[in-house]
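Survey of secondary and tertiary structure
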Amino acid sequence: MDKYVEKANMTLDILAGLIDDKPESLDYQGKIKAGVDLGTANLVLTLLDEDNNPILAASQTGTVVRDGLVVDYIGALRMVKSMKAELESILNREIEFAATAVPPGTGDRDVDTFKNVVQGAGFTVSNVVDEPSAAAAVLGIERGVVVDIGGGTTGISIMQNKEVVYTADEATGGTHLNLVIAGGLGVSVEKAEQIKRDPQRTDEIFPMVIPVIEKIASIINNHIGRYKAETVYLVGGTSAIDGIEDILEQRTGLKIIKPSQTLLVTPLGIAMNCK
C-alpha cells in the first residue's frame, strides 16, 4: 500500500478511537481546525491541531441528508449542535471556526443550506470544500478515482494533478444493500442496517449483496470512460464492508485502495481544509 495511505491509516485509526473512547476532559489551548461532515447516514465533527493531528471527534447516525441534499434541516441542526456542545464541554472552551463539505456539482442554493446548518449550530464557516478534494487531501491523491459509496449513492470523482476533472453520482449505495439484506433475512430495513454493521455477520450477508457490489463496479466502469484510470480509492461508510474491494477489483480490473476507516476519510479531510 502507498506510504501516504499507510500514514493516513494511522491518523484515521486514532480518529476512530477518539470517537469510541473520549476523555472526560482535555486541556488543549492551541488552535483548532474543525470539520463538519453532513453525511447521508452519519454526521461527524472532527477537531485537529495545526499539524492535522486528531484532538477529538464525535459522530451521530441520522438520515438528514439524502442524495446530496439536506432534507431534515432541523434534525441536522440539532445533531451538529449536540456534537459541538459535547466536545466543547470536554475542552472547556468554544470551538469557533469549522469547514464543511458538499458533494461535487452541488448548486449554490444547496451549498448555502449546508453552510446554514453549520452556522446555525454556532460555528463560523471558514470555507466549504468538495468531498473528493477532502478525501484526496487525506490520502495524498494526485491522480486516480475517488469512489464514495455512501448511504444512497455512489459518487465517482476522477482526479488529475490533484484536481477534480470529472464527477458523477448514481443511486446505488448502502440503502440498496439494506433492502437486499432485509428481503433475504425477512427483517426490517432498520434491522438490516444493524446487521450490515455487525462484522460478525459479514460472512452471512456478503453473498446476498454481491449483485449490488457488482452494480457499483458497473457504475465505475461506465464513468471512467476515456480517462486512463489505474487506481480507485474507496471512501464512504458502505465501503467498509469486508470483501467489497475484492469484488470491485475483479469487476473493474483496477487497483483498489481501501483505507482502514473509510467512513472517516472525508471528515478528516474537511477538518484538514479548515482555514
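Criteria and cut-off values
- Residues numbered from 1 in each chain as written.
- Predicted model: local features only at pLDDT ≥ 70, side-chain atom pairs only at ≥ 80, totals over all residues.
- Heavy atoms only, no water.
- Helix = DSSP H or I, 4+ residues; strand = E, 2+ residues; numbered from the N terminus.
- Buried < 20%, exposed > 50% of the residue type's maximum accessible area, 1.4 Å probe, protein only.
- Contact = heavy atoms within 4.5 Å.
- Areas by Shrake-Rupley, 256 points an atom, 1.4 Å probe, with all protein chains shown as cover.
- Lys, Arg positive; Asp, Glu negative; His and termini not counted.
- Charge placed at Lys NZ, Arg CZ, Asp CG, Glu CD.
- Phe/Tyr/Trp six-rings, centres within 6.5 Å; stacked < 30°, edge-to-face > 60°.
- Lys NZ or Arg CZ within 6 Å of the ring centre and 35° of its normal.
- Salt bridge = Lys/Arg side-chain N within 4 Å of Asp/Glu carboxyl O.
- Domains from an automatic or database assignment.
- Buried area = accessible area lost by both parts, 1.4 Å probe.
- Polar contact = N/O pair within 3.5 Å; in protein donor to acceptor, adjacent residues only side chain to side chain.
- Nonpolar A, V, L, I, M, F, W, Y, C, P; charged D, E, K, R; others polar.
- Pairing = 2+ DSSP bridges.
- Axes fitted to C-alpha atoms, helices over the stretch in contact; angles between N-to-C directions.

Time to look at the overall build of the chain. When helices and strands are counted, the chain shows 9 helices and 12 strands. Taking the principal axes of the C-alpha coordinates as reference, the chain spans close to 50 × 45 × 35 Å. Residues classed as buried in the chain amount to 52% of the 275 residues present. Sequence-distant contacts in the chain: of pairs separated by 6 or more residues, those separated by 24 or more amount to 64%. A total accessible area of about 12,800 Å² is found for the chain, and carbon and sulfur atoms account for 45% of it. One way to put it: in the chain the 25 positive side-chain charges average out to a point 3 Å from where the 38 negative ones average out.

Take the packing of aromatic side chains next. Note on aromatic pairs: each is described by the distance of the centres and the angle between the planes. A full pass over the atoms with the stated rule returns 1 aromatic pair. With a centroid separation of 5.7 Å and an interplanar angle of 40°, the aromatic rings of Tyr166 and Tyr227 are classed as tilted. Here Tyr227 lies in the loop between helix 7 (202–224) and strand 11 (231–235) and Tyr166 lies in strand 10 (residues 163–170), a separation of 61 residues in the sequence. Classification of Tyr166 as partly exposed rests on a relative accessible area of 27%. Tyr227 sits in the buried class, given a relative accessible area of 15%. Against the face of Phe123 rests Lys84, its NZ or CZ located 5.1 Å from the ring centre.

Evaluated as defined, the whole model comprises 7 salt bridges. A salt bridge links Lys84 to Glu88, with the nearest nitrogen and oxygen atoms 2.6 Å apart. Highlighted residues: Lys84 and Glu88, both in helix 2 (residues 73–91), separated by 4 residues, approximately one helical turn. Comparing Lys84 with Glu88, the two get one shared label, buried.

All right, on to the environment of Ala34 then. On the secondary structure map, Ala34 appears in strand 1 (residues 33–38). Judged by relative accessible area, Ala34 falls into the buried class, the value being 0%. Setting aside residues up to four positions removed in sequence, Ala34 forms contacts with Leu45, Thr46, Leu47, Ile95, Phe97, Ala98, Ala99, Ala271 and Cys274.

The domain boundaries assigned to the chain delineate domain 1 (3–135 + 264–273) and domain 2 (141–257). Of the roughly 890 Å² buried between domain 1 and domain 2 on both sides combined, carbon and sulfur atoms contribute 64%. Our count for the domain 1 to domain 2 interface comes out at 0 salt bridges. At the junction of domain 1 and domain 2, the tally comes to 0 residue pairs in polar contact (both at pLDDT 80 or more). Looking at the side of domain 1 that touches domain 2, the elements with two or more residues in it are helix 4 (131–139) and helix 9 (265–272). Here the side of domain 1 that touches domain 2 is built from residues that sort into 6 nonpolar, 5 polar and 3 charged.

Right, let's talk about the side chain of Thr172 for a bit. The topology assignment puts Thr172 in the loop between strand 10 and helix 5 (174–185). Sequence-distant contacts of Thr172, defined by excluding residues within four places in its chain, comprise Gly152, Thr153, Thr154, Val212, Lys215, Ile216 and Ile219.

Attention now goes to unusual backbone geometry. A positive phi is found at Asn52, a non-glycine position, where the angle reads about 65°. Among the secondary structure elements, Asn52 is positioned in the loop between strand 2 (42–48) and strand 3 (54–61). For Asn52, a relative accessible area of 22% translates into the label partly exposed. One non-glycine residue, Asn161, lies in positive phi territory at about 50°. Position of Asn161 relative to the elements: it lies in the loop between strand 9 (154–160) and strand 10.

Pairing is mixed across the open sheet formed by 5 strands, whose spatial order is 10-9-8-11-12. Each edge of the open sheet carries a strand with a single partner, namely strand 10 and strand 12 (255–257). Across this sheet, the average inter-strand angle for adjacent strands is 20°, counted without regard to direction. Pairing geometry for strand 9 and strand 10, over 7 bridges, is antiparallel. Among the inter-strand pairings, Met159 is bridged to a residue of strand 10, identified as Val164. Strands in contact with helix 7 are strand 8 (144–149), strand 9, strand 10 and strand 11; relative to strand 9, the strand with the most contacts, it is inclined by about 35°.

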